[in-house]
Amino acid sequence: MATYVLIPGMCHGGWCFDGLIQPLRDHGHRAYPLTLTGLSERAHLLQGTVNLDTHIQDVTDVLEAENIHDAVLVGHSYGGMVITGVADRMPDRVTAMVYLDAMVPENGDSCWSLVSDRERQWYADVVESGYAVRPLPFFDARATPHPLASLLQPLRLTGNLAQIRRLVYVYAAAWDGESPFTPVYQRLREDSSWATHALDSGHNLMRDASQDLLKILFDAAEYDHPIRNPVRPEPHHAFLHR
């Protein structure tokens, strides 16, 4: 039995993993789809001080409260920032990390520093309070404004991912436009410490490629044999939505 802790991307709540949770549980695994502070059903907690550290603590608190020591951390898009910080703070409780078309930051990186000017224009479209970034028009109707400070705050790391037993990157190869994650995928697929997968899907892998993604998640929990990279399709270069 594995324990999956799933972290959504910008403006989304734990509901974005609905299509994965029951199949994971049906196979005997534990699955915790989390909503970060200030978002979705926790939108009432939004204030100017909600930042990346807040979101990292959201997850570390769950690992402690639920006594989780074998976490498979799954981060979609912005969630890659969060799971990286969690693994740095609690490496003894994490056995695998799965990045779903996500940011893979290093020490000192922030979302702001990692994205292009086009994405920064989106980040600058804040709500009246100035605390949060508006969801893009094509997002799910349940999407809510995302805490701005979490995008601006640099991630501070004390170590690296070397002691995590399995690192997995899942690239969405069928964006409608240019994908901001293509350079990340191209870099990691040349790194032997990572298992990389490219799926014929848009950015919302959980919705558009759920069956293929489930196979990857199941494999990420199998520690007795290496992950074999699947055939990689030619990426469809594409634009952003987290």
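Everything quoted here is computed from the prediction, not taken from an experiment.

**Q** In this structure, what is going on with the side chain of histidine 55? I would like to understand it.
**A** When you line up the elements, histidine 55 lands in helix α2 (residues 52–65). Setting aside anything within four residues of it in sequence, one finds histidine 55 in contact with Leu36, Thr37, Leu39, Val50, Tyr78, Val82, His146, Pro147 and Ser150.

**Q** Please explain the sheet that holds strand β4 (residues 94–100) as it appears in this structure.
**A** Pairing between the strands of a sheet is mediated by backbone hydrogen bonds and can be parallel or antiparallel. The strand order across the open sheet formed by six strands is β2-β1-β3-β4-β7-β8, and the pairing between neighbours is parallel. The strands lining the two open edges of the sheet, one partner per strand, are β2 (30–33) and β8 (194–199). Neighbour to neighbour, the strand axes of the sheet diverge by 15 degrees on average, direction disregarded. Across six bridges, strand β7 (residues 166–172) lies against β8 in parallel orientation. When the bridges of β8 are listed, tyrosine 169 appears paired with threonine 196.

**Q** I keep staring at the environment of leucine 148 and nothing clicks. Help me out?
**A** Inspection of the secondary structure assignment puts leucine 148 in the loop between β6 (146–147) and α6 (149–152). Sequence-wise, leucine 148 and tyrosine 32 are 116 residues apart; in three dimensions their C-alpha atoms are separated by 25 Å. What leucine 148 contacts, discounting residues up to four positions off in sequence, is Tyr123, Val126, Gly130, Tyr131, Ala132 and Val133.

**Q** Is there a simple way to explain the pairing of β4 in this structure?
**A** Taken residue by residue, a regular strand's side chains alternate between the two faces of the sheet. Extensive coverage of β4 is indicated by the burial of seven of its seven residues. The pairing of strand β3 (residues 71–76) with β4 spans six bridges and is classified as parallel. For leucine 73, the partnering residue across the bridge sits in β4 and is methionine 97. Between β3 and its parallel partner β4, the chain crosses via helix α3 (residues 79–89), and the hand of that crossover is right-handed. Relative to β7, β4 runs parallel, the two sharing five bridges. Across the sheet, the residue bridging to valine 98 is valine 168, located in β7.

**Q** I'm lost on the pattern of salt bridges in this one. Help?
**A** In a structure, side chains of opposite charge can pair up when their charged atoms sit close to one another. As enumerated under the stated definition, the model contains nine salt bridges in all. Among the ionic pairs, arginine 142 bridges to aspartate 18, the shortest N-O distance being 4.0 Å. Highlighted residues: arginine 142 in the loop between β5 (132–133) and β6 and aspartate 18 in helix α1 (residues 18–26), separated in sequence by 124 residues. Taking relative accessible area as the criterion, arginine 142 reaches 42% and is therefore assigned partly exposed. Between aspartate 117 and arginine 120 there is a salt bridge whose closest N-O contact spans 3.0 Å. Of this pair, aspartate 117 and arginine 120 both sit in helix α5 (residues 117–123), separated by three residues, roughly a single helical turn. Using a relative accessible area of 54% as the deciding quantity, one classes aspartate 117 as exposed. Counted as one network, the salt bridges with shared partners bring together Asp18, Asp140 and Arg142.

**Q** Before we go on, may I ask you to explain α3 in this structure?
**A** Owing to its 3.6 residues per turn, the α-helix brings residues three or four apart onto one side. Among the eleven residues in α3, ten count as buried, and that is most of the element. Within α3 the residues assigned to the buried category are Gly79, Gly80, Met81, Val82, Ile83, Thr84, Gly85, Val86, Ala87 and Asp88. Its buried side turned inward, α3 meets β1 (3–7), α2, β3, β4 and α4 (111–114).

**Q** Is there a simple way to explain the side chain of arginine 93 in this structure?
**A** Along the chain, the position of arginine 93 falls in the loop between α3 and β4. The side chain of arginine 93 sits in the buried core without any salt bridge; aspartate 92 is the nearest counter-charge, 4.8 Å away. One polar contact links the side chain of arginine 93 to the main-chain carbonyl oxygen of isoleucine 68, over a distance of 3.1 Å. Each residue touching arginine 93, except ones within four places of it in the same chain, is listed here: Leu63, Glu64, Asn67, Ile68, His69, Asp70 and Ala71.

**Q** Please clarify how unusual backbone geometry should be interpreted in this entry.
**A** Negative phi characterises most residues that are not glycine, and trans characterises most peptide bonds. Positive phi, normally seen in glycine, also occurs at serine 40, with a value near 50 degrees. Along the polypeptide, serine 40 turns up in the loop between β2 and α2. The buried category is assigned to serine 40, whose relative accessible area is 16%. Here asparagine 67, not a glycine, exhibits a phi torsion of approximately 55 degrees, which is positive. With respect to the secondary-structure elements, asparagine 67 resides in the loop between α2 and β3.

Reading the values: the criteria
- Residues numbered from 1 in each chain as written.
- Predicted model: local features only at pLDDT ≥ 70, side-chain atom pairs only at ≥ 80, totals over all residues.
- Heavy atoms only, no water.
- Helix = DSSP H or I, 4+ residues; strand = E, 2+ residues; numbered from the N terminus.
- Contact = heavy atoms within 4.5 Å.
- Pairing = 2+ DSSP bridges.
- Axes fitted to C-alpha atoms, helices over the stretch in contact; angles between N-to-C directions.
- Buried < 20%, exposed > 50% of the residue type's maximum accessible area, 1.4 Å probe, protein only.
- Right-handed = clockwise from strand over helix to strand, strands pointing away.
- Salt bridge = Lys/Arg side-chain N within 4 Å of Asp/Glu carboxyl O.
- Lys, Arg positive; Asp, Glu negative; His and termini not counted.
- Polar contact = N/O pair within 3.5 Å; in protein donor to acceptor, adjacent residues only side chain to side chain.

Note that every value here comes from positions in space, so none of it alone points to a role or purpose.
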